[in-house]
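Structural characterization, general
What follows is each chain in one-letter form.
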Amino acid sequence: MPTELEREVARRRTFAIISHPDAGKTTLTEKLLLYGGAIHLAGSVKARRARRHATSDWMELEKERGISVTSSVLQFEYQGHAVNLLDTPGHQDFSEDTYRTLSAADSAVMLIDAAKGVEAQTKKLFQVCRLRAIPIFTFVNKLDRYGRAPLELMDELEQVLGIRAYPMNWPIGMGPEFRGVYDRTSRAVHVFSAEGSHGESAASERVVPLDSVEAAEALTAAELAQLREDIDLLDIGGDAFAREKSDRGQITPMFFGSAMTNFGVRPFLDAFLDLAPPPAPRSTSHGYQEPTAPKFSGFVFKIQANMDPAHRDRVAFVRVVSGQYRKGMDAFHVRLQKTVRLANPTQFMAAERTAIQEAWPGDVIGLFDPGLYRIGDTLLEGDTFEFEGVPRFSPEHFAVVRARDPMRRKQMEKGLEQLSEEGTIQIFQQLQMGMRDPIVGVVGPLQLEVLQYRIEHEYGADILLDKLPYGHARWVVGNFDPKSFDWGGNRQTVQDRDGQPLVLFRDDWSLQHTVEKHPELKFLSAAPPLPAALGGGADQRSSR
Ligand code: G4P
């Protein structure tokens, strides 16, 4: 008999959808929730968006810019599975956040617009999934419109992304003639009915064997002939489906449908939940941690301040890796080397934040964070170790920050401190005499705008940003004299909030030149571990 923990692990699926903006991620999310019974009317995600906009200035920025800035976690039940969908922001300046979210996912769904194929953002996110070797499922969307031929799209995945696609199903027609999909495993035809094609309710579909009278009645002779020809081509020309390759992310199972009309959403969801892996073991400083290990463990992959301006709260998102989380439990905070109570946990059920009693591996809990957590922190019961692999990124845009009104400097500093703990910005101190204003470093320039907006709306300080000409930051390890590195406007030495020195470089040339000239020093693109006495943790570090 499997234990309760083993059963809960086996039925969990934690994934994220990756796509280029406008491919239909919001629409598909909404439809998955519809099928999961988490919402009753399609449109609720948008309604939720609107509600949130109405209550939060921060969301106002999202609306103004037409981008989704924050990400959340949605949980729903579907046919015995507990599904966790990690929502990732689509805008490229927020890719850092997306990368971290992917570190908490066990698989990804790559959503592609049938007319546009593989787009820039799809490509970037795909590479991250590939690095993590997680299974990637492809959903080709918008088949209710004329798009590229399915074979051409398969070819594009292989040419552009270097991954072979294995079509699990095949579309019958396209545009207004999109009639259904053929399931290659069961050799059955799913014929969609035009009712419900506005997408407010689950699409009605009939499932009939390919070689049946019903199929011959439901489809025209021409449609059937075309389908048979396509199937022959796939069966003869393609490889057989290899589950182990899909598990390792070496091939991508491919599905076709239309999130808007719901056509193909259920066949996709059924097959996806069957093929997607349950929570995977995670690498730690002491080998792999299995999800079925009885003691609780988890890591912080995201921190978000002021989710609800009425409460001024900050939430640390923790991915549960092993064992069971129980409400109000204590856990050991490895970086701080102390026991903490996991306070005010929330789980994100569909649109609402609800208090939770328990959580299992694969789940995400939101902890009230009074300033205790940083991205990458490990929380656990029992033996101590640290999780690895929440990626960190080197900032590429820098600006000196000043309060427009010097009387508001305190508020500005508090905002900078808190937002840097969220991980969206990094704050550096200038080392030259008399240079008191902090420097902020971000991965994408839009984050500077977001910073300005949030400091003003959440902390009440109007700030001025003087952009700096630097494009790279490297933490320096070794014995060096910071002053000798402030060099003709091409380089500047600063220190991070832990007092570790780093150099900002104007361009590739000044970086390379410096690295070559100083073989005695190490230049790292992420902060090196702190000595344990200073509360050092073991994040994944990379050096370039
Ligand atoms: P995103 O989150 O990936 O950015 O995409 P989103 O779901 O917001 O969809 C982007 C646009 O594509 C929306 O149109 C949406 O209705 C449309 N769309 C999504 N899935 C499908 C589909 O399967 N077929 C078709 N034909 N369109 C689809 P919009 O005009 O920008 O917004 P709206 O007026 O429809 O809300």
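Coordinates for the structure precede this section.
For the structure given in this document, a descriptive report is provided here. (Residues numbered from 1 in each chain as written. Predicted model: local features only at pLDDT ≥ 70, side-chain atom pairs only at ≥ 80, totals over all residues. Heavy atoms only, no water.)

A word on the site of the ligand
We apply this condition: Whether a residue is near a molecule or strand depends on its heavy atoms: it is near if one of them lies within 4 Å of it. Under the rule applied, a polar contact is a pair of N or O atoms within 3.5 Å (in protein, one hydrogen donor and one hydrogen acceptor; residues adjacent in sequence only if both atoms are side-chain atoms). Only the protein chains shown count as cover for residues, and the accessible areas themselves come from Shrake-Rupley with a 1.4 Å probe.
For the ligand, the set of nearby residues contains 15 residues, the closest of which are Asp22, Lys25, Thr26, Thr27 and Asp144. The contact in question runs from an oxygen atom of the ligand to an N or O atom on the backbone of Ala23, over 3.4 Å. Within the side chain of Lys142, one N or O atom sits 3.1 Å away from an oxygen atom of the ligand. Protein contacts shield 67% of the accessible area of the ligand, which totals 710 Å² for the unbound molecule.

Quick look at the sheet that holds strand S9 (residues 188-192)
Strand pairing in a sheet is mediated by backbone hydrogen bonds. Such pairs are either parallel or antiparallel. Heads up, the rule is: Between any two strands, at least two bridges found by DSSP are needed for them to pair. Here a helix means four or more residues in a row that DSSP labels H or I, a strand means two or more in a row labelled E, and each is numbered from the N terminus. With axes taken as lines fitted to C-alpha atoms, and helix axes fitted only over the stretch in contact, angles between N-to-C directions fall between 0 and 180 degrees.
Ordered by their spatial adjacency, four strands build an open sheet running S7-S8-S9-S10, and the pairing between neighbours is antiparallel. The sheet terminates laterally at strand S7 (169-172) and strand S10 (205-209), the two strands that pair on one side only. The mean inter-strand angle of the sheet, taken between neighbouring strand axes irrespective of direction, is 25°. Of the pairings in the sheet, the one linking strand S8 (residues 180-183) to S9 comprises four bridges and is antiparallel in character. Its bridge partner lying in S9, Tyr182 is registered against Val189.

So, the packing of aromatic side chains
Cut-off, in case you're wondering: Centres within 6.5 Å are what make two rings of Phe, Tyr or Trp a pair, Trp counting through its six-membered ring; a difference in plane orientation under 30 degrees is then read as stacked, over 60 as edge-to-face, and the rest as tilted. Accessibility here uses a 1.4 Å probe with only protein chains present; expressed as a share of the type maximum, an area under 20% marks a residue as buried, one over 50% as exposed, and anything in between as partly exposed.
Evaluation of the coordinates by the stated rule reveals 17 aromatic pairs. Arranged with centres 4.6 Å apart and planes meeting at 20°, the rings of Phe192 and Phe263 form a pair that is stacked. Of this pair, Phe192 sits in strand S9 while Phe263 sits in the loop between strand S11 (251-256) and helix H11 (265-275), placing them 71 residues apart in sequence. The exposure classification of Phe192 matches that of Phe263, with both residues buried. When the centroid spacing of 6.2 Å and the interplanar angle of 70° are considered together, the rings of Phe428 and Trp475 count as edge-to-face. On the criterion of sequence distance, the pair formed by Phe428 in strand S25 (residues 426-430) and Trp475 in strand S28 (residues 472-477) is long-range, its members being 47 residues apart. Phe428 gets classed as buried once you look at its relative accessible area, which sits at 1%. Through pairs of rings, three or more aromatic residues link up here, namely Phe15, Phe137, Phe139, Phe255, Phe268 and Phe272.

What about the pattern of salt bridges?
Charged atoms that come close allow side chains of opposite charge to pair. Heads up, the rule is: By convention in these notes, a salt bridge is any Lys or Arg side-chain nitrogen within 4 Å of a carboxyl oxygen on Asp or Glu.
Inspection of the entire model under this criterion finds 23 salt bridges. With a closest N to O distance of 3.7 Å, Glu158 and Arg164 form a salt bridge. Looking at Glu158, the relative accessible area reads 33%, which means it is partly exposed. Where Glu458 meets Arg454, a salt bridge forms, and the shortest distance between an N and an O atom there is 3.1 Å.

As for helix H13 (residues 446-459)
The criterion, for reference: Here the expected span of a helix is defined as 1.5 Å times the quantity of residues minus one.
In this model H13 runs 19 Å from its N-terminal to its C-terminal C-alpha over 14 residues, within 8% of the 20 Å that 1.5 Å per residue would give. Most of H13 is tucked away, with 10 of its 14 residues classed as buried. Those residues of H13 not exposed but buried are Leu446, Gln447, Leu448, Val450, Leu451, Tyr453, Arg454, Ile455, Glu458 and Tyr459. Positive phi appears at Gly460, one or two residues downstream of H13, with a value of about 70°.

Considerations on the nonpolar core
Stated formally: Residues grouped as a nonpolar core are buried Ala, Val, Leu, Ile, Met, Phe, Trp, Tyr and Cys residues, joined through side-chain atoms within 4.5 Å. Here the bounds of each domain stem from an automatic or database domain assignment. We call two residues in contact whenever any of their non-hydrogen atoms come within 4.5 Å of each other.
One finds Leu32, Leu157 and Val189 to be the most contacted residues of the largest nonpolar core, which totals 89 residues. If you tally residues by element for this core, the top one is H11, at seven residues. There are two domains that each give this core at least three residues, and those are domain 1 (17-68 + 107-275) and domain 2 (282-380). If we ignore the near neighbours within four places in the chain, the residues touching Val189 are Ile172, Val181, Tyr182, Arg206, Val207, Val208, Leu210, Leu219 and Leu227.

Observations concerning the environment of Ile455
Along the chain, Ile455 falls in helix H13. Judged by relative accessible area, which is 0%, Ile455 ranks as buried. Separated by 36 residues in sequence, Ile455 and Leu419 place their C-alpha atoms 8.8 Å apart. In contact with Ile455, other than residues within four places in its own chain, are Met412, Gly415, Leu416, Leu419, Gly460, Ala461 and Ile463.

Section: the sheet that holds strand S30 (residues 501-505)
Taken together, eight strands build an open sheet; the order of strands is S27-S24-S26-S25-S29-S30-S28-S31 and the sheet is antiparallel. The sheet is open, and its two edges are formed by strand S27 (463-468) and strand S31 (522-524), each paired on a single side. This sheet shows a mean twist of 40° between the axes of neighbouring strands, independent of strand direction. Relative to S30, S28 is paired through four bridges, and the arrangement is antiparallel. Counted as the bridge partner of Trp475 is Leu502 from S30. Lying over the sheet, helix H12 (residues 409-422) contacts strand S24 (397-403), S25 and S27, oriented at roughly 150° with respect to S24. Strand contacts of H13: S24, strand S26 (439-442) and S27, with the helix running at about 160° to S27, the strand carrying the most contacts.

Thoughts on the side chain of Thr138
Secondary-structure assignment places Thr138 in strand S5 (residues 136-141). A polar contact is formed between the side chain of Thr138 and the side chain of Thr252, at a distance of 2.7 Å. Those residues in contact with Thr138 that sit more than four places away from it in its chain are Met110, Ile112, Leu157, Thr252, Pro253, Met254 and Phe255.

Quick notes on helix H9 (residues 221-237)
This is how the line gets drawn: Summarising the geometry, the arc corresponds to the directions from the helix axis toward the C-beta atoms.
Given a rise of 1.5 Å per residue, 17 residues ought to cover 24 Å, and the 24 Å separating the end C-alpha atoms of H9 matches this to within 8%. Among the residues of H9, Glu223, Leu224, Leu227, Asp230, Ile231 and Leu234 are the ones counted as buried. In an axial view of H9, the angular spread of the buried residues amounts to 130°, which keeps them on one side of the axis. Facing away from the buried side of H9 by more than 90 degrees, the exposed set consists of Ala221, Ala222, Glu229, Leu233, Ile236 and Gly237. Where H9 is buried, its residues contact helix H7 (150-161), strand S6 (164-167), S7, S8, S9 and helix H8 (213-218).

Considering the side chain of Thr29
Its place among the elements puts Thr29 in helix H2 (residues 25-35). Note on Thr29: relative accessible area 6%, which makes it buried. Setting aside anything within four residues of it in sequence, one finds Thr29 in contact with Ile17, Leu74 and Leu85.

Examining the packing of H2 against H11
We count it as follows: Roughly parallel covers angles under 35 degrees, roughly antiparallel covers those over 145, roughly perpendicular covers 65 to 115, and oblique covers all other angles. For this scheme, ten residues count as nonpolar: Ala, Val, Leu, Ile, Met, Phe, Trp, Tyr, Cys and Pro. Four count as charged, namely Asp, Glu, Lys and Arg, and the remainder, Gly too, count as polar.
Across the interface, H2 lies against H11 with an axial gap of 11 Å and an inter-helix angle of 75°. One way to sum up the angle between H2 and H11 is to call them roughly perpendicular. Of the residues in H11, those touching H2 at Leu28, Lys31, Leu32 and Tyr35 are Val265, Arg266, Phe268 and Leu269. Residues that form the contact of H2 with H11 fall into these classes: six nonpolar, no polar and two charged.

Remember that the coordinates give geometry; whether it matters functionally is a separate question.
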